[in-house]
Amino acid sequence: MAQQNSFIVNVDLRSHENNLFHRTREIDRERLIVRRGQPFSITVQHSDSLPHKHQLELVLRLGKRDEVVIKVQRQRGTGDKWWFNQQEAQSEILLTLHSPADAIIGQYYLSVLLMSLDGHIVEKMNEISFHLLFNPWCKDDVVYLPDEKLLHEYVMNEDGVIFMGTWDYIRSTPWNYGQFEDFVMDICFEVLDNSKEALQNFKMDIERRSDPVYISRIITAMVNANGDRGVLIGRWKQPYLDGVAPNRWTGSVPILRKWSKDGIKAVKYGQCWVFAGVACTVLRCLGIPTRLITNFASAHDVDGNLSIDFVEDFESREEKNDSSWNFHCWVESWMRRDDLPKGNEGWQVLDPTPQELSDGEFCCGPCPVSAIKEGNLGVKYDAPFIFAEVNADIIYWRVLPGGQKQKIHVDQRSVGRNISTKSIYGNGREDVTLLYKYPEGSKEEREVYKKAGRRVTHHTDGKVAPARLNLLIKHPNPVFGTDFDVILEVTNEGCDDTNVHLTVHAIAVTYNSLHQGECQRQMNNVTVSAQKAHKEVLHFRYEDYSKCVSEHHLIRVKALAEAQGDSLPLMAVADIPLNMPELHIQVLGKAFVWEQLTAYISFTNPLPVPLTGGVFTLEGAGLLSETRIYVEGVISPGQKVSVKISFTPMRTGVRTLLVDFDSDRLKDVKGVASVVVRKKYRNMIPA
């Protein structure tokens, strides 16, 4: 507050105007939020003309105890300093502040000082604060991205799509990033303030917050709660009774708000797409262009030998070491890497899912996507682990009666397939596999493997699989709740009949290959006639597989065909995703900002059994905060239930309403509806 008879009456931060120019008006229209490397103007209102030989000075402070103090220069310097110029008009002085493109991001406190000729402070106004973010629109910022369409998607878009399922049956689920929702920016800085680095040396941490490499690595550590005050606890098996099941989340905002509201207490529970979704929200909010990536058939190579080894005894048990995930999600952020040789700029892999330690912390990246493609595994950070996720071999072994291990199958093509992200032109899928790896079988691929130390061919104990036999698993795309058949087909292309021992094992698994229970097991001796095919049919009934299938609704069928003689057995593996029904959403009428809107949500029970404990969870950036509607009583087989909700849109534009339905027997049923929210103009009556 200005004192009586003081020269400085007030300081107007011109938040509406500045935030519009700095593309931060969606975050807040009242508080000043600007981007580095781009000037902004404030107005000093004064009571009288500037005293003779007096001048204004500006001082910036960051940190809880003013750990960093910056004196703003009065004229343009070398480009790496804050500076300002001023323009007087009547009872106001317009101050235009220029921040360097590598300025520290965070909350700044501004002091406006009236200085005498001899350098004494005559007056001081302190109660001024603003936030500074990264600026991907500024060509001198290391996060500069020179494409407006990409910036609209990877910084400004609050609605996303995450791709899940299996490499040959890809499905999508909507996700509300909500990076511009109320107080999300404050929570993002709260995340940074609670990192180990900030708690150990806050001054040093703040000084390093100009670097997106440092910031993004901190975020990958802080989104998970392993070993720090992070946001999310991971859990990959039921039960989730003391928290929220990962598949129930439809967006990042409720997670971040709960973490902050509960006093920096980790939220239960997340899995890879939830960790990635939250990281994407934080990074976009801070101004770093970010997109969510799904790698199908993703390898988790524990021992670093670029291969995933499975010992197949056809018993239902969890793999303790290496594993292959049906899909795995991480994020990519766009930045220049001044800490690395030229050629490593652009998209950087960041993985917040806690898998392996990196420099003693559960974090991963940033690692240049270009380094993964070229096999440059010495590049910071975590290149060998990420390279294996998209390139590792899968090797199947079996234990012979004498205890020796025999290599029975080598799969060099399955890992790292259909690597996907949301298209900038809508909710479709963009395939980015060729950004990570050269085409299969190409000369460049072989050169990369050689550089990375990955073997191109594997021997299988001198034995070969019988060339005359082929083994194939055929299956439909079944709906969860229905009965279906899987066909195992052995084809004999030879000239003689062949006796074959068939072993088939069907198990329920999670998306990251944790075994949940046995669905079916079958062993047969069959004779496959020359030039013929033999088919074995496996019947799957809902009442059987529902007892063991996980919340990921996935059944894995493994088959082994052993022909008479000394040849290797044939092996085939198929993952069968069980499709989920969809919710139906109907929004009534046109949507206008700050006017009540009504939507109806309906759902029909597709299962042959009743459902209890039904709950709809709704959210949408700019539409409504997380809201739950409970369904009373029992939902009988085939019964349709409808709920009505009214809400008031808070921001204009194309908005997305996300709905999730869960019950005792059926979970993770999703629905999505687009809502165009307009500003209502009063009809002008001509004079």
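Residues numbered from 1 in each chain as written. Predicted model: local features only at pLDDT ≥ 70, side-chain atom pairs only at ≥ 80, totals over all residues. Heavy atoms only, no water.

Draft legend 1. Highlighting the pairing of strand 8 (residues 106-115). The element strand 8 is largely enclosed, with a buried count of eight among its ten residues. Sheet topology places strand 8 next to strand 9 (residues 121-133); nine bridges connect them, and they run antiparallel. If you follow leucine 113 over to strand 9, its bridge partner there is lysine 124. (Buried < 20%, exposed > 50% of the residue type's maximum accessible area, 1.4 Å probe, protein only. Helix = DSSP H or I, 4+ residues; strand = E, 2+ residues; numbered from the N terminus. Pairing = 2+ DSSP bridges.)

Draft legend 2. Seen up close, the sheet that holds strand 6 (residues 83-89). Spatially, four strands are ordered 1-3-7-6 in an open sheet, and the strand pairing comes out antiparallel. The two strands at the open ends of the sheet, each matched to only one other strand, are strand 1 (8-12) and strand 6. The sheet shows a mean angle of 25° between the axes of neighbouring strands, taken without regard to direction. Sheet analysis places strand 3 (residues 40-46) next to strand 7 (residues 92-98), joined by six bridges and oriented antiparallel. The partner of threonine 43 across the bridge, within strand 7, is leucine 94. (Axes fitted to C-alpha atoms, helices over the stretch in contact; angles between N-to-C directions.)

Draft legend 3. Spotlight on the sheet that holds strand 35 (residues 640-647). The antiparallel open sheet is built from three strands, whose spatial order is 30-32-35. In this open sheet, the two strands that pair with only one neighbour each are strand 30 (584-588) and strand 35. Each adjacent strand pair in this sheet contributes to an overall mean axis angle of 20°, direction not counted. Pairing geometry for strand 32 (residues 597-604) and strand 35, over eight bridges, is antiparallel. For threonine 604, the partnering residue across the bridge sits in strand 35 and is lysine 640.

Draft legend 4. Spotlight on the pairing of strand 10 (residues 159-166). Extensive coverage of strand 10 is indicated by the burial of eight of its eight residues. One ladder, built from eight bridges, connects strand 10 with strand 11 (residues 169-176); its direction is antiparallel. The residue bridging threonine 166 from the neighbouring strand is tyrosine 169, located in strand 11. Between strand 10 and the antiparallel strand that follows it, strand 11, lie two residues.

Draft legend 5. Just the environment of cysteine 363, in detail. Mapped onto the fold, cysteine 363 is located in the loop between strand 17 (346-350) and strand 18 (367-368). With 208 residues separating them along the chain, cysteine 363 and methionine 571 place their C-alpha atoms 36 Å apart.

Draft legend 6. Inspection of the pattern of salt bridges at higher detail. Counted by the stated rule, this structure contains 36 salt bridges. A salt bridge links glutamate 489 to lysine 535; the nearest nitrogen and oxygen atoms lie 3.7 Å apart. Placement of glutamate 489 in strand 24 (residues 484-492) and of lysine 535 in strand 27 (residues 532-540) is noted, with a sequence separation of 46 residues between them. Here glutamate 489 falls in the buried class, since its relative accessible area comes to 11%. One salt bridge in this structure joins lysine 680 and glutamate 595, with 3.4 Å as the shortest N-O distance. With a gap of 85 residues between them, lysine 680 in the segment after strand 37 (669-678) and glutamate 595 in the loop between strand 31 (591-592) and strand 32 connect regions that are remote in the sequence. Taking relative accessible area as the criterion, glutamate 595 reaches 32% and is therefore assigned partly exposed. Through salt bridges that share partners, Glu26, Glu158, Glu181, Arg651 and Arg655 make up one connected network. (Salt bridge = Lys/Arg side-chain N within 4 Å of Asp/Glu carboxyl O.)

Draft legend 7. Structural detail: unusual backbone geometry. Here the bond from glutamine 238 into proline 239 is cis, since omega is 5°, no more than 30 degrees from zero. Within the secondary structure, proline 239 sits in the loop between strand 12 (232-234) and helix 7 (253-261). Within the chain, isoleucine 264 stands out as a residue other than glycine whose phi angle is a positive 60°. With respect to the secondary-structure elements, isoleucine 264 resides in the loop between helix 7 and strand 13 (267-270). The class of isoleucine 264 is partly exposed, set by a relative accessible area of 21%. A positive phi angle, close to 60°, is found at glutamine 531, a residue other than glycine. With respect to the helices and strands, glutamine 531 occurs in the loop between strand 26 (515-528) and strand 27. Owing to a relative accessible area of 54%, glutamine 531 belongs among the exposed residues under this scheme.

Draft legend 8. Representation of the packing of helix 6 (residues 212-223) against helix 8 (residues 272-286). Axis separation between helix 6 and helix 8 bottoms out at 10 Å; the angle between their running directions is 145°. The two elements helix 6 and helix 8 cross, and the hand of that crossing is right-handed. When helix 6 is examined against helix 8, the residues Ile215, Ser216, Ile219 and Val223 are found in contact with a partner set consisting of Phe275, Val278, Ala279, Val282, Leu283 and Leu286. Within the contact of helix 6 with helix 8, the residues separate by chemical class into nine nonpolar, one polar and no charged. (Left-handed = near helix turned anticlockwise from the far one by under 90°. Contact = heavy atoms within 4.5 Å. Nonpolar A, V, L, I, M, F, W, Y, C, P; charged D, E, K, R; others polar.)

Draft legend 9. Layout of the environment of isoleucine 394. Mapped onto the secondary structure, isoleucine 394 falls in strand 19 (residues 393-399). Taking the C-alpha atoms as reference points, isoleucine 394 and alanine 299, 95 residues apart in sequence, are found 8.4 Å from one another.

Draft legend 10. Spatial organisation of helix 12 (residues 443-452). Here helix 12 has its buried residues at Glu445, Val448, Tyr449 and Ala452. Viewed along the axis of helix 12, the buried residues span an arc of 100°, placing them on a single side of the element. Away from its buried face by more than 90 degrees, helix 12 exposes Lys443 and Lys450. Within two residues after helix 12, glycine 453 carries a phi angle of roughly 85°, on the positive side. (Arc of directions from axis to C-beta.)

Draft legend 11. Molecular detail of helix 3 (residues 184-193). Across the ten residues that make up helix 3, a large majority, seven, are buried. All of the buried residues along helix 3 are Val184, Met185, Ile187, Cys188, Phe189, Val191 and Leu192.

Draft legend 12. Region of interest: the layout of surface pockets. In this structure, the second largest pocket occupies an estimated 820 Å³ of space. Along the walls of the second largest pocket sit 33 residues, with Trp167, Asp411, Ser414, Val573 and Ala574 positioned nearest its centre. Counting only elements with at least two residues in the lining of the second largest pocket, the list comes to strand 16 (323-335), strand 19, strand 20 (405-411), strand 23 (469-474), strand 28 (554-563) and strand 29 (570-577). For the lining of the second largest pocket, the element with the most residues is strand 29, which contributes six residues. Tallied by class, the residues present in the lining of the second largest pocket amount to 16 nonpolar, nine polar and eight charged. (1 Å grid on protein atoms, 1.4 Å probe; cavity = no way out; pocket = protein on both sides within 12 Å on 5 of 7 lines; lining within 4 Å. Points joined across faces, edges and corners; volume = space filled by probe spheres on them.)

Draft legend 13. Geometry of the packing of aromatic side chains. Throughout the structure, instances matching the rule amount to 21 aromatic pairs. Note on phenylalanine 484 and phenylalanine 540: the rings are 5.1 Å apart at their centroids and 5° apart in plane angle, and the pair reads as stacked. One end of the pair, phenylalanine 484, is in strand 24; the other, phenylalanine 540, is in strand 27, with 56 residues separating them in the sequence. Under the relative-accessibility criterion, phenylalanine 484 is labelled buried at 6%. Centroid distance tyrosine 542 to tyrosine 545: 5.7 Å. Interplanar angle 90°. Geometry classified as edge-to-face. Taken together, the residues span about one helical turn, with tyrosine 542 and tyrosine 545 both in helix 13 (residues 542-545) at a distance of three residues. Residue tyrosine 542 shares its accessibility class with tyrosine 545, and that shared class is buried. (Phe/Tyr/Trp six-rings, centres within 6.5 Å; stacked < 30°, edge-to-face > 60°.)

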